[in-house]
Amino acid sequence: MTGDEKHEWAAASTIDVLWVLYDRVLNVTPATADDPDRDRFLLSKGHGPMAYYAVLAEKGFIEESILDDWTSWDSPLGQHPDRMLVRGVEISSGSLGHGLPIAVGTAIGQRIGKSSGRTFVLVGDGELDEGSNHEAIAVAARLKVANLTAIVIDNESAMYGWPGGIARRFAVEGWQTAEIDGRDHEAIFTALTAPHDRPYAVVAKIEKSY
Amino acid sequence: MTTMREAFIQTVNEGIENDPRVTVVTAVISSSNFPQENERVVDVGIREQTMVGVASGLALAGLRPVVHSYAPFLVERPYEQIKLDIGHQDVGAVFVSIGASYDDPVWGRTHQSPGDVALFDTLPGWTVHVPGHPDEVTPLLRQALKEDNRVYVRLSLHENTQAYPVGEGFTALRHGKRGVVLAVGPMLDRVLKAVDSENADVTVLYAATIRPFDSDGLRKAVQQTDHADVMVVEPYLEGTSSHLVSETLQQIPHRVRSIGVKRHAELRNYGTAEDHDAAHDLDVVGLGSAVRSFFRG
């Protein structure tokens with residue numbers, strides 16, 4: 001499998017969650033993309049952003065016409081998204097293990113600013129190998145960052161996996177957790193709108209990619 | 001007498017009190033000096049990568065994060081977070097370190113960071129302050145807290161006997177004809193003593209802010225001498241600013257001598273900071289020797 005093919009897998013792995021998020025969960029539109037009270041979605045797993053771009057185009061954040069020449073010199077759309085180039089993109093990502101710590105910060109910032117906005121961050125199960133995530137998982141629970149939801153796309157790509165499952169890794173630190181079928185739109189919607197009074201991890205299982 | 005660290009704590013606490021944007025993020029070190037009950041004081045525990053990531057998120061949410069730790073743990077360990085979470089996200093933050101190159105050499109190499117400014121120098125858009133006296137810390141920090149830019153403030157236990165006004169550009173403290181010596185932060189007193197001991201007829205410039213580099217100030221100082229010979233004395237890795245000296249003087253035949261913490265080998269000794277200064281020729285004797293040989297004739 002080539003690098004490009006792996007990124008296509010990565011895009012396919014997130015498409016259902018991304019669609020339900022933008023279609024039914026997130027309180028953000030192109031008109032409110034700078035509103036301090038908006039919900040913020042951080043794509044930590046910046047690999048394979050084609051699904052992300054497609055959803056952003058469908059929801060009017062970017063023009064659909066720019067999708068075709070992505071990664072070209074003049075295109076704002078790269079193999080890893082850049083928040084300075086694409087409206088609606090909250091963080092520039094690509095290097096793994098950055099989004100969750102940043103999300104803890106944005107969620108704390110929303111809390112300090114008395115914002116009604118929430119923070120959602122999407123990570124991959126393979127990405128959880130990066131130690132920075134585990135720093136952030138612990139900190140989010142200790143600081144009771146209740147307006148934070150982490151969505152883990154689990155396609156079993158982690159090198160060694162997690163004993164007892166990924167949800168357990170979050171739960172042991174004090175997170176509320178849910179495990180769902182990452183292709184079932186109703187299950188995704190129900191999980192992402194469930195009330196929680198502490199940080200919340202939703203593990204979205206999908207088919208093993210490779 | 002107030003130390004640079006105390007001046008930093010006092011100024012940031014003043015910022016927390018008066019500016020609703022100012023938010024401190026620490027990884028245990030120094031955290032007890034900030035009001036624990038304030039929600040804008042965030043101690044993440046001994047987790048430096050997350051410290052920087054959280055600071056990025058706070059900045060994205062409109063706050064002004066002050067990120068603080070011992071220099072190696074603030075700059076070297078989370079370097080990719082500084083590059084991506086702060087720089088690549090194009091957000092601002094104020095990074096403040098203690099420990100400098102080898103303030104406490106009894107703790108060994110793990111607590112030494114002579115490469116910190118060189119690392120920031122690989123990233124665009126950073127202002128770098130290297131104050132030489134506690135009274136320089138407060139105005140530099142107050143200004144940094146007001147803005148939205150990316151700032152690194154390098155504090156040290158070593159300081160000059162007096163403070164100089166801080167602001168944009170280098171400050172000329174001596175005027176001579178044989179060349180120019182640029183002294184950065186805590187190196188100033190030693191540079192002045194070395195120049196005096198050698199009766200060197202040189203211009204001495206002082207910098208508490210080394211990035212942005214005051215190219216105009218250096219060029220003008222050089223133009224007023226008879227020789228375009230520039231010695232740069234920095235309290236961190238030797239040569240950190242020499243590329244900017246060369247760029248500044250690219251139209252003028254010139255000589256540059258870079259003085260700083262030597263690069264050639266790791267010094268596996270404990271001892272005192274003064275011992276390390278001597279080993280790196282950063283004491284008055286070593287600097288005097290460098291001044292004598294470079295400005296000879």
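Reading the values: the criteria
Residues numbered from 1 in each chain as written. Chains lettered and ligands numbered in written order. Predicted model: local features only at pLDDT ≥ 70, side-chain atom pairs only at ≥ 80, totals over all residues. Helix = DSSP H or I, 4+ residues; strand = E, 2+ residues; numbered from the N terminus. Rg over C-alpha atoms; globule rule 2.2 N^0.38 Å. Buried ≥ 20, exposed ≤ 12 C-beta atoms within 10 Å, placed from the backbone. Contact = placed C-beta atoms within 7 Å. Pairing = 2+ DSSP bridges. Axes fitted to C-alpha atoms, helices over the stretch in contact; angles between N-to-C directions. Right-handed = clockwise from strand over helix to strand, strands pointing away. Domains from an automatic or database assignment. Nonpolar A, V, L, I, M, F, W, Y, C, P; charged D, E, K, R; others polar. Core = buried A, V, L, I, M, F, W, Y, C linked by C-beta atoms within 7 Å. Parallel < 35°, antiparallel > 145°, perpendicular 65-115°, else oblique. Left-handed = near helix turned anticlockwise from the far one by under 90°. UniProt positions renumbered as here; feature names shortened; annotations may be inferred. Arc of directions from axis to C-beta.

**Student:** Quick rundown of the overall build of chain A? Include the residues and the values.
**Tutor:** Of regular secondary structure, chain A possesses six helices and five strands. The order of helices and strands in chain A, counted from the N terminus, is α-β-α-α-β-α-β-α-β-α-β. In terms of overall size, chain A behaves like a compact globule, its C-alpha atoms giving a radius of gyration of 16 Å where 210 residues would be expected to give roughly 17 Å. Projected onto its principal axes, the C-alpha positions of chain A cover 45 × 45 × 30 Å. Looking at chain A as a whole, 48% of its 210 residues qualify as buried. A sequence separation of at least 24 residues applies to 74% of the contacts in chain A between residues at least 6 apart.

**Student:** Account for the overall build of chain B, naming residues and giving values.
**Tutor:** Broken down by element type, chain B carries 11 helices and 12 strands. Within chain B, counting contacts between residues at least 6 apart in sequence, those at least 24 apart form 72% of the total.

**Student:** Please provide a residue-by-residue account of the sheet that holds strand 1 (residues 22-26) of chain B, values included.
**Tutor:** Residue and element names in this part refer to chain B. Within the open sheet, the seven strands sit side by side as 2-1-3-4-6-5-10. Their pairing is mixed. Each edge of the open sheet is held by one strand with a lone partner, namely strand 2 (41-43) and strand 10 (209-211). Going across the sheet, the axis of each strand differs from the next one's by a mean of 20°, ignoring polarity. Strand direction decides the pairing type here: strand 5 (residues 126-129) and strand 6 (residues 150-154), joined by four bridges, are parallel.

**Student:** An account of the pairing of strand 3 (residues 148-154) of chain A is needed here, citing residue identities and associated values.
**Tutor:** Looking along a regular strand, one sees side chains alternate from face to face of the sheet. Residues and elements named next belong to chain A. Along strand 3, seven of the seven residues are buried, which leaves the element largely enclosed by surrounding structure. Judged from the six bridges that link them, strand 2 (residues 119-124) and strand 3 form a sheet pairing that is parallel. Of the residues in strand 3, the one forming a bridge with Phe120 is Thr149. In this view, the connection linking strand 2 to its parallel neighbour strand 3 by way of helix 4 (residues 131-142) has right-handed handedness.

**Student:** Before we move on, could you go through the domain arrangement of chain B and cite the residues and values that matter?
**Tutor:** Residues and elements named next belong to chain B. As assigned here, chain B comprises domain 1 (4-154) and domain 2 (171-294). Centre-to-centre, using C-alpha coordinates, domain 1 lies 26 Å away from domain 2. At the junction of the two partners, domain 1 supplies 23 residues and domain 2 supplies 20 residues. Counting only elements with at least two residues in the side of domain 1 that touches domain 2, the list comes to helix 5 (116-120), strand 5 and helix 6 (134-146). For the side of domain 1 that touches domain 2, the element with the highest residue contribution is strand 5, accounting for four residues. Residue composition of the side of domain 1 that touches domain 2, grouped by class: 12 nonpolar, six polar and five charged.

**Student:** If you had to explain the nonpolar core to someone new, which residues and values would you point to?
**Tutor:** The biggest cluster of nonpolar side chains holds 141 residues, and the ones touching the most others in it are Val104 and Val152 of chain A together with Val181, Leu182, Ala183, Val191 and Val233 of chain B. Broken down by element, the residue count for this core peaks at seven residues, all from helix 2 (residues 48-60) of chain B. Here this core gathers at least three residues from each of two domains, domain 1 (4-154) and domain 2 (171-294) of chain B. The contact partners of Val233 of chain B, leaving out residues within four places of it in the chain, are Val181, Leu182, Ala183, Val184, Met187, Val191, Ile259 and Leu287 of chain B.

**Student:** Could you give an account of the packing of helix 4 of chain A against helix 2 of chain B, naming the residues involved and the relevant values?
**Tutor:** Packed helix pairs are specified by the crossing angle of their axes together with the interaxial distance, meaning the distance between the axes. Running from N to C, helix 4 of chain A and helix 2 of chain B cross one another at 70°; their axes reach a closest spacing of 8 Å. Relative to helix 2 of chain B, the element helix 4 of chain A lies roughly perpendicular. As helix 4 of chain A runs across helix 2 of chain B, the sense of the crossing is right-handed. Each of Ser132, Glu135, Ala136 and Val139 of chain A in helix 4 of chain A lies in contact with helix 2 of chain B, whose residues at this interface are Gln49, Thr50 and Gly53 of chain B. Split into classes, the residues belonging to the contact of helix 4 of chain A with helix 2 of chain B amount to two nonpolar, four polar and one charged.

**Student:** Run through the UniProt feature "domain: Transketolase-like pyrimidine-binding" (unreviewed entry) in chain B, naming residues and quoting values.
**Tutor:** When the UniProt feature table is mapped onto this chain, "domain: Transketolase-like pyrimidine-binding" (unreviewed entry) is found at residues 2-160 of chain B. Along residues 2-160 of chain B the backbone is 39% helical and 19% strand, and the end-to-end C-alpha distance reaches 13 Å.

**Student:** Can you break down the interface of chain B and chain A residue by residue, with the values?
**Tutor:** Contacts between the two partners involve 26 residues from chain B and, on the opposite side, 22 residues from chain A. Where the side of chain B that touches chain A is concerned, the elements lending two or more residues are helix 2 and helix 4 (79-88) of chain B. With nine residues, the top contributor of residues to the side of chain B that touches chain A is helix 2 of chain B. In the side of chain B that touches chain A, the residues fall into nine nonpolar, 11 polar and six charged.

**Student:** How would you summarise helix 7 (residues 188-197) of chain B if you had to cite specific residues and measurements?
**Tutor:** Turning to helix 7 of chain B, its buried residues number three or more, namely Leu188, Arg190, Val191, Leu192, Ala194 and Val195 of chain B. Next to the buried residues of helix 7 of chain B lie strand 7 (171-174), strand 8 (180-184), strand 9 (203-207), strand 11 (229-237) and helix 11 (284-294) of chain B.

**Student:** Which residues make up the sheet that holds strand 9 of chain B, and what values go with them?
**Tutor:** In a beta sheet, neighbouring strands are held together by backbone hydrogen bonds and run either parallel or antiparallel to one another. Residue and element names in this part refer to chain B. One open sheet accounts for five strands, arranged 7-9-8-11-12; its pairing is mixed. The open sheet has two free edges, formed respectively by strand 7 and strand 12 (255-261), since each of these has just one partner strand. Going across the sheet, the axis of each strand differs from the next one's by a mean of 25°, ignoring polarity. Sheet analysis places strand 7 next to strand 9, joined by three bridges and oriented antiparallel. For Ala172, the partnering residue across the bridge sits in strand 9 and is Leu205.

**Student:** Requested: an account of helix 8 (residues 215-223) of chain B, with residues and values cited.
**Tutor:** All names here are of chain B. Listing the buried residues of helix 8 in full gives Leu218, Ala221 and Val222. The buried side chains of helix 8 occupy one side of the element, clustering within an arc of 100° when seen end-on. Of the residues in helix 8, the exposed ones pointing more than 90 degrees away from the buried face are Asp216 and Gln223. Considering only its buried residues, helix 8 is in contact with strand 7, strand 8, strand 9, strand 11 and helix 9 (242-248).

**Student:** Can you lay out the packing of helix 3 (residues 99-112) of chain A against helix 4 of chain A for me, pointing to particular residues and giving the numbers?
**Tutor:** Residue and element names in this part refer to chain A. Close contact between helix 3 and helix 4 brings their axes to 8 Å; oriented N to C, the two are set at 25°. As summarised for this structure, helix 3 and helix 4 are arranged roughly parallel, according to the angle between their axes. With respect to the hand of their crossing, helix 3 and helix 4 are arranged in left-handed fashion. Every residue of helix 4 that contacts helix 3 at Leu100, Pro101 and Val104 is listed here: Ser132, Asn133, Glu135, Ala136, Val139 and Ala140. Split into classes, the residues belonging to the contact of helix 3 with helix 4 amount to six nonpolar, two polar and one charged.

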